[in-house]
Amino acid sequence: MTRYENFLYFIGSVFTPLYAIVFTTYFVTKKSLPKVVNLILWLLGVWGYYQLQKVDLELGTTFLLLVVMAVLVVICSRIQQYWA
């Protein structure tokens, strides 16, 4: 059972930041970021998922990470607009 639980955590850690990046880019900013920036954000999100699991959150790790990643994508998009 532990292996199954770890597998589900792995899926959550991979897809939560990915969906946050994709949905925020498509629906909010409507402009894509460079692939390197997306990769760095995604890796930061995977790391953040495991760090947030150590904290007992009422809404859970996934929801908080979605919000944090969405904010990071918007900030990176604004920085890109400023420098472009």
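Residues numbered from 1 in each chain as written. Predicted model: local features only at pLDDT ≥ 70, side-chain atom pairs only at ≥ 80, totals over all residues. Heavy atoms only, no water.

J.: So what exactly am I meant to see when it comes to the nonpolar core here?
T.: One recurring pattern in soluble globular proteins is that nonpolar side chains are buried together. Ala20, Ile21, Leu33, Leu41, Tyr49, Leu52, Leu65, Met69 and Val73 together form the largest nonpolar core, which totals 9 residues. Breaking this core down by element, the ones donating at least two residues are α1 (2-29), α2 (35-52) and α3 (61-83). Setting aside anything within four residues of it in sequence, one finds Tyr49 in contact with Tyr9, Gly12, Ser13, Thr16, Thr61, Thr62 and Leu65. (Core = buried A, V, L, I, M, F, W, Y, C linked by side-chain atoms within 4.5 Å. Buried < 20%, exposed > 50% of the residue type's maximum accessible area, 1.4 Å probe, protein only. Helix = DSSP H or I, 4+ residues; strand = E, 2+ residues; numbered from the N terminus. Contact = heavy atoms within 4.5 Å.)

J.: What should I look at first to understand the packing of α1 against α2 in this one?
T.: Packed helices, taken two at a time, are described by the angle between their axes plus the distance between the axes. Put simply, α1 and α2 touch, their axes get as near as 8 Å, and they point 140° apart. Comparing their axes, α2 and α1 come out oblique. When the axes of α1 and α2 are compared, the crossing they make is right-handed. In this structure, α1 contributes Tyr9, Phe10, Gly12, Ser13, Val14, Thr16, Pro17, Leu18 and Ile21 to the contact, and α2 contributes Asn38, Leu41, Trp42, Gly45, Val46, Tyr49 and Tyr50. Residues of the contact of α1 with α2, tallied by class, amount to 11 nonpolar, 5 polar and no charged. (Axes fitted to C-alpha atoms, helices over the stretch in contact; angles between N-to-C directions. Parallel < 35°, antiparallel > 145°, perpendicular 65-115°, else oblique. Left-handed = near helix turned anticlockwise from the far one by under 90°. Nonpolar A, V, L, I, M, F, W, Y, C, P; charged D, E, K, R; others polar.)

J.: Whenever I open this one, the packing of aromatic side chains confuses me. Can you help?
T.: Both the distance between ring centres and the angle between the ring planes are used here to describe each pair of aromatic rings. Applying the stated criterion to the full structure yields 6 aromatic pairs. Taken together, a centroid distance of 5.8 Å and an interplanar angle of 25° make the contact between Phe15 and Tyr19 stacked. Here Phe15 pairs with Tyr19, and both are found in helix α1, just 4 residues apart, close to one helical turn. Residue class for Tyr19 comes out partly exposed when judged on its relative accessible area of 42%. (Phe/Tyr/Trp six-rings, centres within 6.5 Å; stacked < 30°, edge-to-face > 60°.)

J.: Where do I start with α1 in this structure?
T.: Each turn of an α-helix holds 3.6 residues, which means side chains three or four residues apart point in the same direction. Counted at 1.5 Å a residue, the expected span for α1 with its 28 residues is 40 Å, and the 39 Å between its end C-alpha atoms agrees. Those residues of α1 that sit buried are Gly12, Ser13, Val14, Thr16, Pro17, Ala20, Ile21, Thr24, Thr25 and Thr29. Taken together, the buried residues of α1 touch α2 and α3. Following α1 by one or two positions, Lys30 has its phi on the positive side, about 60°. (Expected span 1.5 Å × (residues − 1).)

J.: For this particular structure, what's the right way to read α3?
T.: Helix length check: α3 (23 residues) gives 33 Å between terminal C-alpha atoms against 33 Å at 1.5 Å per residue, within 8%. Restricting attention to buried positions, one finds in α3 the residues Thr61, Leu65, Met69, Val73 and Ser77. Against α1 and α2 lie the buried residues of α3.

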